[in-house]
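# Understanding the architecture of this molecule
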Amino acid sequence: MTGDDLQALALSALGDIAGAADADQLEEVRRRYLARHGGSIAEAAIELSRAQGEERAVLGQAFNAAKRTVTEALERRQAELEAAVRERELLAESLDVSHPLRPLDRGHQHPVARTVREIEDIFLRLGYAVVAGPEIEDDLHNFQLLNMPPEHPARDGHDTFYLAGEAAGWLYRTHTSPMQIRTMLAGQPPFRIIVPGKVARRDNPDPTHNPVFHQVEGLCVDEGVTVADLKGTLEHVLGQLFGKRRGVRLRASFFPYTEPSLEADVACGICLGEGCRSCLNKGWIEILGSGMVHPEVLAAVGVDPDRYSGFAFGMGPDRITALRYGIRDVRELYENDLRLLEGF
Ligand SMILES: [Zn+2]
């Protein structure tokens, strides 16, 4: 091994380094020339250890020069290759604005929320205000001021969740009517409000019941409000919700806070009142409770019943949604099964 041999090796290495196309090939070149065992330049060091005198000094310089040249060339090439990789990555990351988008999954309102929103829109156009109230109420607003004193039999129909412990004395509202009371206590007629919200009763879940459900209650109090106004309002609202061809029928009923009390039915969507298998030959479907606000209720909240009269109503958006979309079991509306919800 001579100094010329080492120079030739270094030149050969420079050619291989320039030809290395990636980090792996470059590593292969490094090993071929510089590996402690088997690298051709490194092998020269073994001969160097045997050389003597001036030959040892010359060979030593040639070895160091060759090693430095090759090492520096390796580092430069490695930096070039890394820069090329970064460049490719940057190019790949640049935006192709013409690339078609993967369709995004779109959410939408829950069908019950949509029904509530539609009901709100209908009443807003009639000049009603939408108000919200607390879900936790006291006995006074949920019952007593609605003409249901303690021990009143109508309370049996409101299977109530009472709070325990420190919250004893409070209850989960069984209807949104307490907000009618709160509204009347806070001002003077005219009142035109609807109260959408969640309510709860201790019902066992079945196809037509869920312990937590939605209500939209409404109240209209002014001078000279009559049953005809109530009927006209309900016919208009139910016509908007179900279509005008489905008739509305009012039947006498009983609620402690209205007198007279009326239940509204909407004609079966299939037979329009004639009676068919779908409606079990009834022809009509119960849709809401309503009536003229009881004078005792008005008097209890400081509204003069000799001067003012009004009507109130309450409807169930869950049931209305189920009827409109042909859902047989209202519990499906609470299970959040996307396969069902995506169908709306
Ligand atoms: Zn029918």
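The structure this text deals with has already been given above.
About the criteria used
Residues numbered from 1 in each chain as written. Predicted model: local features only at pLDDT ≥ 70, side-chain atom pairs only at ≥ 80, totals over all residues. Helix = DSSP H or I, 4+ residues; strand = E, 2+ residues; numbered from the N terminus. Rg over C-alpha atoms; globule rule 2.2 N^0.38 Å. Buried ≥ 20, exposed ≤ 12 C-beta atoms within 10 Å, placed from the backbone. Contact = placed C-beta atoms within 7 Å. Axes fitted to C-alpha atoms, helices over the stretch in contact; angles between N-to-C directions. Parallel < 35°, antiparallel > 145°, perpendicular 65-115°, else oblique. Nonpolar A, V, L, I, M, F, W, Y, C, P; charged D, E, K, R; others polar. Expected span 1.5 Å × (residues − 1). Pairing = 2+ DSSP bridges.

The helix and strand tally for the chain stands at 11 helices and 9 strands. In terms of overall size, the chain is more extended than a compact globule, its C-alpha atoms giving a radius of gyration of 42 Å where 344 residues would be expected to give roughly 20 Å. C-alpha extents for the chain along the principal axes are approximately 130 × 50 × 35 Å. Considering the chain as a whole, with its 344 residues, one finds that 29% of them fall into the buried category. Across the chain, contacts joining residues at least 24 apart in sequence account for 64% of those joining residues at least 6 apart.

Where helix α2 (residues 23-34) meets helix α3 (residues 40-50), the axes come as close as 3 Å, and the angle between the chain directions of the two elements is 15 degrees. In this view, α2 runs roughly parallel relative to α3, as classed from their interaxial angle. Facing α2, whose interface residues are Arg 32, Tyr 33 and Leu 34, α3 presents Ser 40, Ile 41 and Ala 42. Residue classes in the contact of α2 with α3 are distributed as 4 nonpolar, 1 polar and 1 charged.

Once that is clear, we can look at the environment of Phe 191. Topologically, Phe 191 is positioned in strand β4 (residues 191-200). When sequence neighbours within four positions are dropped, the list of residues in contact with Phe 191 reads Thr 183, Met 184, Leu 219, Cys 220 and Val 221.

A rise of 1.5 Å per residue sets the reference length of α2, with its 12 residues, at 16 Å; its end C-alpha atoms lie 16 Å apart and thus fit the reference within 8%. Contacts from the buried residues of α2 go to α1 (3-19), α3 and α4 (53-93).

Looking now at the sheet that holds strand β6 (residues 248-255). Ordered in space as β1-β4-β5-β9-β8-β7-β6, the 7 strands form an open sheet in which the pairing is mixed. Edge positions in the sheet fall to β1 (129-130) and β6, since each has one partner strand and no second. Contacting β1, β4 and β5 (212-222), helix α5 (residues 111-125) crosses the sheet at an angle of about 5 degrees to β5.

A few words now on the pairing of β4. For β1 and β4, the ladder comprises 2 bridges, and the chain directions are parallel. Across the sheet, the residue bridging to Val 130 is Ile 194, located in β4.

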